[in-house]
Structure formats: C-alpha cells, structure tokens
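# Structural characterization, general
Read off the chains here:
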Amino acid sequence: MRHLVIALTACVLAVGGAEDLEWWQRTVLYQVYPRSFKDSDGDGMGDLQGIIEKMDHIKDAGADAFWMSPIFTSPGVDSGYDISNYTEIDPMFGTMEDFEDLIYKANELDLKVLLDLVPNHVSNESEWFVKSVQRIEPYTNYFVWADPKYDENGTRLPPNNWLSYFGGSAWEWREERQQYYLHQFVVQQPDLNYRYKPVAEEIKGVMRFWLDKGVHGFRVDAVSCLYEDRRLRDEPPSGQNGTAPDQEGSLSHVYTHNQPGNYELIHQWREVVDEYTRQDGVARILITEGDSGLNYTFKYYGPKTRPGAHLNFNLFLFQVLYKDADAFAYNETINTWLEHKPDHCWPNWLVGNHDNARVATRAGQALVDAVNAVLLWLPGTAITYNGEEIGMNNTHVSWNQTVDPPGRRAGPQNYSSFSRDPERTPFQWDNSTSAGFSSSNDTWLPVNSNYKQLNLQQQQEASESHYKVYKQLVAERKSKTLQKGKTIAEAVTKEVFALVRELDGEDTYILAVNLGNETTRTDLTASIPSLPTSAAVVVASVGSGFIRGEILNTTEISIPSKGFVGLKGSPMKSHSASFSSSPSSSESWKALFFFFKRWDSAPTVTRCADGHACTES
Ligand code: BGC
Ligand code: MG
C-alpha cells in the first residue's frame with residue numbers, strides 16, 4: 001500500500017552544481033571478477049595477464065575505471081576474501097610485475113584501477129593470525145579474542161550468541177591460546193581487532209603500498225562489520241520468519257554491525273587517500289561496502305565536515321530485480337533512496353556483483369536492457385558487474401562443482417539457495433572453447449551452456465544486442481544533462497516507469513520502461529506535464545522496433561512488454577514540481593547488507609528489511 005501513497009509523487013532532485021565533476025562521479029565503474037574474467041595460461045583460472053589482454057573491452061564498454069575483487073595471496077577459502085598477505089599478488093593470478101604491467105596498460109587506456117581492500121578480516125593462515133594464536137608480539141591483540149563461558153555442567157561455550165554470516169557461531173576455539181576468536185564470516189576469516197590501534201595503522205600501510213603502485217583507490221569490503229560491541233553483549237532475535245536459528249538473519253545485528261567506530265575508521269582511511277589526491281590533484285577514492293539500508297548507508301559517507309567514503313554502495317535497485325516488479329516498486333525504491341540522500345553524498349547505483357544472482361536470472365532476460373537503462377541514466381556513478389553488459393545468466397553449478405563456503409555449508413540438498421558460484425562463472429567472450437575464457441575445458445567453475453548464443457563477440461556483430469544498447473546508454477552519459485541534471489522518477493501507470501533528467505537550457509532525457517506483460521500505449525505528459533511533447537529516440541531495447549532518430553510524441557508512446565525507449569527532447573518548460581515529498585518512514589528500510597541471494601519471488605522481497613536473505617514477508 002505504501003507504494004500507492006507515494007507512487008504519483010514526482011520528486012525532483014538536483015545533483016551537483018555547475019562545478020566540474022570528478023572522474024569518479026562521471027564514470028561507469030566496472031567490476032572485474034579476476035577468477036572469471038580471462039585465463040591467459042590455460043589453467044582454467046583467470047589471471048592478471050588475462051585482465052591485461054581483455055582490458056580494451058572495459059574501455060570499449062565505456063567505463064573509465066574498474067575495481068577488481070581480491071588478487072592477493074590467499075588460501076582461497078572465500079574465493080580470495082581470506083587474505084594471507086595484503087601486499088603480495090597470489091601466484092595463481094601472476095606476479096607483482098604482472099600487476100605493474102596491468103597498471104601500465106590501464107594508464108595507456110586512461111582507465112583508473114581500484115583494488116579490493118578487505119580490512120575486517122584476514123586469513124587464518126596469515127602471519128598475523130598465526131603469531132596472534134601464540135601471543136607473539138606485536139600480534140597478540142590483533143584479533144578479537146575472548147574467554148569462554150561455561151554452563152552449569154562445566155561445558156565450555158562461546159562468549160555470546162553471535163552468528164557468522166555464513167551460518168553457525170561466529171566464535172572458534174583455539175586450544176593453544178585457550179580462547180575463542182571472532183569470525184563474522186567463515187572460520188578461516190578471523191576478524192581484526194580495531195580496538196587495538198596498531199591494526200588501523202597496518203591497513204594504512206597497505207593502502208599506501210598500493211597507492212604508491214598507482215591505484216586510484218579502493219573498494220572497501222564489509223565495513224559494517226569492522227567494530228563489535230566492547231562488552232560482547234548477546235544480540236536480540238530479529239523476529240524474521242523462516243530463518244533457522246543458526247542463520248545470521250535470526251539475530252538483529254545491533255552489536256556486530258554499524259558500530260560507531262566504523263565511521264571514524266573510514267574517516268582515517270579517507271585521510272590517507274586524500275594525501276595522495278592533494279599531491280597531484282587527481283582524486284584517489286574509497287568506495288565502501290557498508291550497510292546500504294537507509295538508517296546507515298549515508299553514515300558511511302561521513303558528515304560533510306569529516307568525510308568518510310566517496311561512495312557507499314547503494315544496493316536499493318536489487319529490490320526491484322524480480323520478475324513482476326511494477327512501476328510503483330521502481331518509483332518508490334528509487335525515490336526513497338534519493339529523498340533520504342543528504343546533499344553532500346554523491347549517488348551511486350548497482351544491479352549486480354559477485355554476491356548476488358544476475359539480472360537476467362532475477363528479473364528475466366527480457367528486462368536486461370531496461371534495467372541497464374535505469375542504472376545508467378539515474379544520477380551519479382553507475383557500477384556494472386562483468387557480464388551484465390551482455391546480459392549473462394546465472395549458471396547451473398552442480399554440488400560437486402560448488403566451491404562457495406555458504407553453498408558448501410548448506411549441503412547437497414540446499415546449496416543452491418546459498419551458493420554465490422552461479423553468478424561467478426567465466427565471462428562469455430565468444431563461441432570458442434570455454435567461451436574464449438580459457439584454452440582449457442576444465443575451468444574453475446563451469447562455463448554457462450548458453451555461451452554459443454550468448455557471448456560478447458556475437459553481440460558485437462549482431463545488428464542489435466544487449467551490448468550495443470548498453471554502449472549507447474553509456475555514450476549518452478557524456479551529456480551535461482545525464483551528468484548533472486535533475487531527476488524525476490515517476491510511475492506513470494502501474495506498468496510504465498519513467499525516468500526524466502533535465503537541466504536548464506540542455507536537452508531533456510526521457511526513459512520510459514514498460515514493466516507489464518503486454519504492449520502498452522502511454523501518455524507520459526499525463527504525470528509529467530512539463531515534458532516536451534516530442535522527442536527523438538536515442539536508444540531502445542533489443543527487439544522494440546524503435547528507430548534511432550525517430551521522433552515520438554510523448555503523449556502517445558507504445559512500448560512492448562519489458563521494453564524501454566530512451567528519448568532526447570528540448571529543455572523542459574519550467575515545471576512546478578520541486579522536491580517536497582516527505583521522506584517515507586525509514587523503519588521498514590533497516591539493514592541491507594551484501595547478500596540478496598534469492599530472486600524470482602515477489603513484492604515481499606522488496607521490503608527486505610533486516611539482513612540479506614530477502615525472504616521476509
Ligand atoms: C564480499 C563477499 C565476501 C565477504 C567477506 C563481502 O561482502 O563481497 O564476497 O564473502 O565480504 O569478505
Ligand atoms: Mg569486525
């Protein structure tokens with residue numbers, strides 16, 4: 001019902017002033033998943049030389065920067081998010097020389113490179129942890145160690161009820177030290193102890209190491225989890241239906257998530273990147289993966305006077321990625337985020353990453369172009385996960401092939417509800433062996449069986465394709481209007497979602513998406529009267545029949561089911577709508593962390609309030 005209340009409330013938000021934008025504000029940021037991007041040496045695993053080989057594609061897609069999931073030495077339990085040495089390249093990916101080559105090539109192409117900084121935890125095989133277990137200084141207090149509790153029978157118990165993100169207790173006993181250590185993720189990922197100040201300094205050293213090598217910043221992993229309650233208090237139940245008691249969703253994370261110290265730490269790390277920015281005027285940036293629920297997401301940006309992250313990932317669009325999401329859902333989701341955004345926080349949007357099912361699988365192949373259109377024409381930085389530009393699907397991964405820890409833990413019956421492997425399979429370059437990803441047939445995760453039809457080369461050669469639509473959408477982002485214009489997001493009807501960007505004296509951009517199951521004829525001016533009455537087609541979804549350059553009447557546009565059309569018209573007549581709607585209650589928008597695993601079911605999912613399972617009703 002809340003949909004209906006604000007459905008017809010247009011909201012107009014200005015983004016940026018007349019000043020020139022920084023590279024990270026203008027860019028499409030591309031996420032490379034190194035294990036699956038390109039294998040250069042035929043061992044079935046992606047590597048740095050592979051990324052170098054295929055870097056032109058990132059440029060061709062229109063991105064000006066990319067971030068890479070971890071490439072550092074790691075036992076690989078959580079696919080590289082369990083790092084044993086922060087300043088070494090994992091031999092599986094190559095050498096430090098390869099990394100230097102990668103930066104060289106990126107500079108040649110004028111692409112900025114960001115690394116994944118994983119400060120919440122390291123691998124249990126890291127020197128830091130091995131020494132901490134033995135109380136060897138200075139590492140004794142580098143981790144969150146705690147004494148056991150005992151029940152009345154004298155049985156040893158963990159210090160409290162905290163749960164790991166991947167299921168089960170967040171505490172693991174170490175006989176040698178006669179204490180438990182905390183791991184908010186898998187057992188092999190001990191949490192660092194930020195109450196011990198030298199730890200934050202270590203991370204600053206790691207940042208400087210890579211900044212000196214020429215990276216332009218970091219995507220900072222799992223920052224919601226940095227600090228925990230000093231008193232280690234039990235967390236209260238979340239009351240979330242259908243969550244097993246050993247699943248983290250069963251608790252409300254008031255003592256392990258979004259603790260005040262997190263924001264201060266990010267501010268300190270911000271000061272490190274700013275040192276480098278000041279040296280040559282080129283921004284070095286931090287993008288945090290903090291809680292993206294409304295109550296916390298803007299805190300990771302810090303207050304204007306004490307800045308934190310340049311961007312904190314905004315996962316709101318994941319909430320509309322299900323098969324029958326209607327225009328009201330898009331309207332409310334987008335406007336809610338924009339309405340709550342403080343002026344000094346720059347917007348960002350993403351629809352895919354290595355932790356969540358792919359758009360084509362969640363929302364349906366038919367909607368791939370429309371979702372990319374919304375992503376790329378919303379105000380601010382757009383982030384694309386590799387493969388989303390060609391509409392890759394989740395891949396069936398058998399139990400025997402499953403490597404992702406939450407999948408393995410769930411066992412052969414339930415693994416597919418938890419595993420993130422299906423969205424991590426090799427990039428589909430062409431129709432040759434292993435989709436052109438590797439010369440080997442034996443790849444670390446299976447290649448999707450649809451690769452002969454669905455691959456980049458095919459889409460480059462076809463007269464129309466997801467990729468061509470994607471590139472056209474990105475090309476238009478160079479316009480002043482899409483960079484700096486105001487935004488009007490509107491549910492014109494239950495089926496038609498419209499996104500309008502306008503700027504004084506500049507072309508108006510109009511996007512209309514038909515989310516319904518049938519072709520619909522719509523009058524956009526009925527809900528946005530100040531629109532120009534005619535506008536030219538600049539881009540449209542595959543198979544929609546629109547012709548670039550064709551002039552349409554905005555009072556009467558016919559759009560096929562799941563299709564979209566993007567138009568460019570004259571500057572808007574001065575419109576009365578100015579941002580005034582009162583923000584919707586933030587109560588139902590609590591925590592949105594990184595994991596939105598389940599997709600195809602319906603609106604209950606959009607209110608995914610607490611945690612990441614998204615099954616709340
Ligand atoms: C990453 C995940 C990873 C987790 C633990 C994240 O949020 O995106 O892939 O499993 O942090 O490092
Ligand atoms: Mg922590």
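Residues numbered from 1 in each chain as written. Chains lettered and ligands numbered in written order. Predicted model: local features only at pLDDT ≥ 70, side-chain atom pairs only at ≥ 80, totals over all residues. Heavy atoms only, no water.

## Observations regarding the sheet that holds strand S11 (residues 179-182)
- Taken in spatial order, the three strands of this open sheet run S7-S11-S10, and their pairing is antiparallel. Edge positions in the sheet fall to strand S7 (145-146) and strand S10 (171-174), since each has one partner strand and no second. (Pairing = 2+ DSSP bridges. Helix = DSSP H or I, 4+ residues; strand = E, 2+ residues; numbered from the N terminus.)

## Description of the site of ligand 1
- Around ligand 1 there are 14 residues in total, and Asp78, His121, Asp221, Glu289 and Asp355 lie nearest to it.
- A distance of 2.7 Å separates an oxygen atom of ligand 1 from a polar side-chain atom of Glu289.
- Here an oxygen atom of ligand 1 and a side-chain polar atom of Arg420 are 3.0 Å apart.
- Computed on the free molecule, ligand 1 has an accessible area of 310 Å², of which 100% lies beneath the protein chains in the complex.
- Here the residues of the shell around ligand 1 are counted per class, giving four nonpolar, three polar and seven charged. (Near = heavy atom within 4 Å. Polar contact = N/O pair within 3.5 Å; in protein donor to acceptor, adjacent residues only side chain to side chain. Areas by Shrake-Rupley, 256 points an atom, 1.4 Å probe, with all protein chains shown as cover. Nonpolar A, V, L, I, M, F, W, Y, C, P; charged D, E, K, R; others polar.)

## Considering the coordination of the magnesium ion (ligand 2)
- Note on the magnesium ion (ligand 2): its protein donors are Asn120 (OD1), Asp191 (OD), Cys225 (O), Leu226 (O) and Glu228 (OE). The metal-donor distances range over 2.1 to 2.8 Å.
- All donor residues of the magnesium ion (ligand 2) come from one chain, and their arrangement in sequence is N-x70-D-x33-C-L-x1-E. Each member of the pair, Cys225 as well as Glu228, carries the same accessibility label: buried. (Donors = N, O, S within 2.8 Å, 3.2 Å for Na, K, Ca; no water. Buried < 20%, exposed > 50% of the residue type's maximum accessible area, 1.4 Å probe, protein only.)

## Some details on the packing of helix H12 (residues 368-377) against helix H15 (residues 466-476)
- Contact geometry for H12 and H15: axes closest at 10 Å, N-to-C directions at 15 degrees. Our classification of the angle between H12 and H15 gives roughly parallel. You can see that H12 and H15 cross each other, and the crossing is right-handed. Here Val368, Asp369, Asn372, Ala373, Leu376 and Trp377 of H12 lie close against H15, whose contacting residues are His466, Val469, Tyr470, Leu473, Val474 and Glu476.
- Split by residue class, the contact of H12 with H15 holds eight nonpolar, two polar and two charged. (Axes fitted to C-alpha atoms, helices over the stretch in contact; angles between N-to-C directions. Parallel < 35°, antiparallel > 145°, perpendicular 65-115°, else oblique. Left-handed = near helix turned anticlockwise from the far one by under 90°. Contact = heavy atoms within 4.5 Å.)

## Let's talk about the sheet that holds strand S16 (residues 381-385)
- Taken together, the eight strands give an open sheet; going across it, the order is S14-S13-S12-S6-S3-S2-S16-S15, and neighbouring strands pair in parallel fashion. Across the chains shown, the open sheet's two edge strands, defined by having one partner strand only, are strand S14 (311-312) and strand S15 (348-350).

## Brief notes about the side chain of His267
- Within the element layout of this structure, His267 appears in helix H9 (residues 260-280).
- Overall, His267 belongs to the buried group, its relative accessible area being 7%.

## Here's the deal with the nonpolar core
- By size, the foremost hydrophobic cluster in this structure holds 136 residues, and its most contacted members are Phe66 and Phe218.
- Two domains each donate at least three residues to this core, and these are domain 1 (25-119 + 200-470) and domain 2 (127-182).
- With near-sequence residues (within four places) excluded, Phe218 lies in contact with Leu114, Leu115, Leu117, Met207, Trp210, Leu211, Val273, Ile285, Leu286 and Ile287.
- In this structure, Ala498, Val500, Ile557 and Met572 belong to the second largest nonpolar core, which totals 20 residues. (Core = buried A, V, L, I, M, F, W, Y, C linked by side-chain atoms within 4.5 Å. Domains from an automatic or database assignment.)

## Thoughts on the packing of aromatic side chains
- Inspection of the entire model under this criterion finds 30 aromatic pairs.
- Relative to Phe497, the ring of Tyr330 has its centre 5.6 Å away and its plane inclined at 45 degrees; by these criteria the two rings are tilted. Here Tyr330 is found in helix H10 (residues 327-340), whereas its partner Phe497 is found in strand S18 (residues 496-502), with 167 residues between them in sequence.
- A residue is classified by how much of its surface remains accessible, and Tyr330, at 3% relative accessible area, is buried.
- Ring centres of Trp377 and Tyr509 lie 5.2 Å apart, and the angle between their planes is 90 degrees; on these two criteria the pair is classed as edge-to-face. With Trp377 in helix H12 and Tyr509 in strand S19 (residues 508-514), the pair connects residues that are 132 residues apart, well separated along the chain. Each of the two residues, Trp377 as well as Tyr509, counts as buried.
- Taken together through their ring pairs, the aromatic side chains of Tyr86, Trp128, Tyr139, Tyr142 and Tyr196 make up a single cluster.
- The positively charged end of Lys54 is found above the aromatic ring belonging to Trp429, 4.5 Å away from the centroid.
- Positioned above the aromatic ring of Trp173 is the side chain of Arg156, whose terminal nitrogen or guanidinium carbon lies 4.0 Å from the ring centre. (Phe/Tyr/Trp six-rings, centres within 6.5 Å; stacked < 30°, edge-to-face > 60°. Lys NZ or Arg CZ within 6 Å of the ring centre and 35° of its normal.)

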